[in-house]
Amino acid sequence: MTRDKAVKVSHLLFRIESLENLVDELEHLESLAEYYGDFGDGTLQEEIVAVVQARLNKALKELEEM
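Right, let's walk through the structure included here. (Residues numbered from 1 in each chain as written. Predicted model: local features only at pLDDT ≥ 70, side-chain atom pairs only at ≥ 80, totals over all residues. Heavy atoms only, no water.)

Turning next to the overall build of the protein. Looking only at helices and strands, the protein features three helices and zero strands. Seen in sequence order, the protein has helices and strands lined up from the N terminus as α-α-α. Counting over 66 residues, the protein shows a buried share of 20%. Expressed as a percentage of contacts within the protein between residues at least 6 apart in sequence, the contacts between residues at least 24 apart total 68%. When the accessible area of the protein is evaluated, it comes to approximately 5,200 Å², of which 54% is carbon and sulfur surface. (Helix = DSSP H or I, 4+ residues; strand = E, 2+ residues; numbered from the N terminus. Buried < 20%, exposed > 50% of the residue type's maximum accessible area, 1.4 Å probe, protein only. Contact = heavy atoms within 4.5 Å. Areas by Shrake-Rupley, 256 points an atom, 1.4 Å probe, with all protein chains shown as cover.)

This is the structure we're talking about:
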């Protein structure tokens, strides 16, 4: 593995870890509970998590291709 590729993999792994942490925090963030209630059954939370999850899936696919 070249140094350049190793740096890219390291950066991608950091990004994946950050996105995973963000999904976890969004699912358990108490302060957003009042906003979730304004949209009915938690659809806002689901939409936010879906956006982050899509980015996470993309990053995981990039890593797999490396």
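Moving on to the environment of K8. Along the chain, K8 turns up in helix α1 (residues 3-28). Distance in space between the C-alpha atoms of K8 and M66 is 9.3 Å, their sequence separation being 58 residues.

What follows covers the nonpolar core. Of all hydrophobic cores here, the largest spans nine residues; its members are L12, I16, L19, V23, L26, V49, V52, L56 and A59. The element contributing the most residues to this core is α1, with five residues. Those residues within four positions of V23 in sequence are excluded, and the remaining contacts are V49, V52 and Q53. (Core = buried A, V, L, I, M, F, W, Y, C linked by side-chain atoms within 4.5 Å.)

For the rest of this paragraph, the subject is the pattern of salt bridges. It is possible for side chains bearing opposite charge to pair when their charged atoms get close. Inspection of every chain in the model, using the stated rule, returns one salt bridge. For K8, the salt bridge goes to D4, with nearest N and O atoms at 3.5 Å. Taken as a pair, K8 and D4 lie in helix α1 at a separation of four residues, close to a single helical turn. (Salt bridge = Lys/Arg side-chain N within 4 Å of Asp/Glu carboxyl O.)

Residues three or four positions apart in an α-helix share a direction because the helix packs 3.6 residues into each turn. Taking 1.5 Å per residue as the helical rise, α1 with its 26 residues ought to reach 38 Å, and the 38 Å between its terminal C-alpha atoms agrees with that figure. Among the residues making up α1, those that are buried are V9, L12, I16, L19, V23 and L26. (Expected span 1.5 Å × (residues − 1).)

Note that every value here comes from positions in space, so none of it alone points to a role or purpose.
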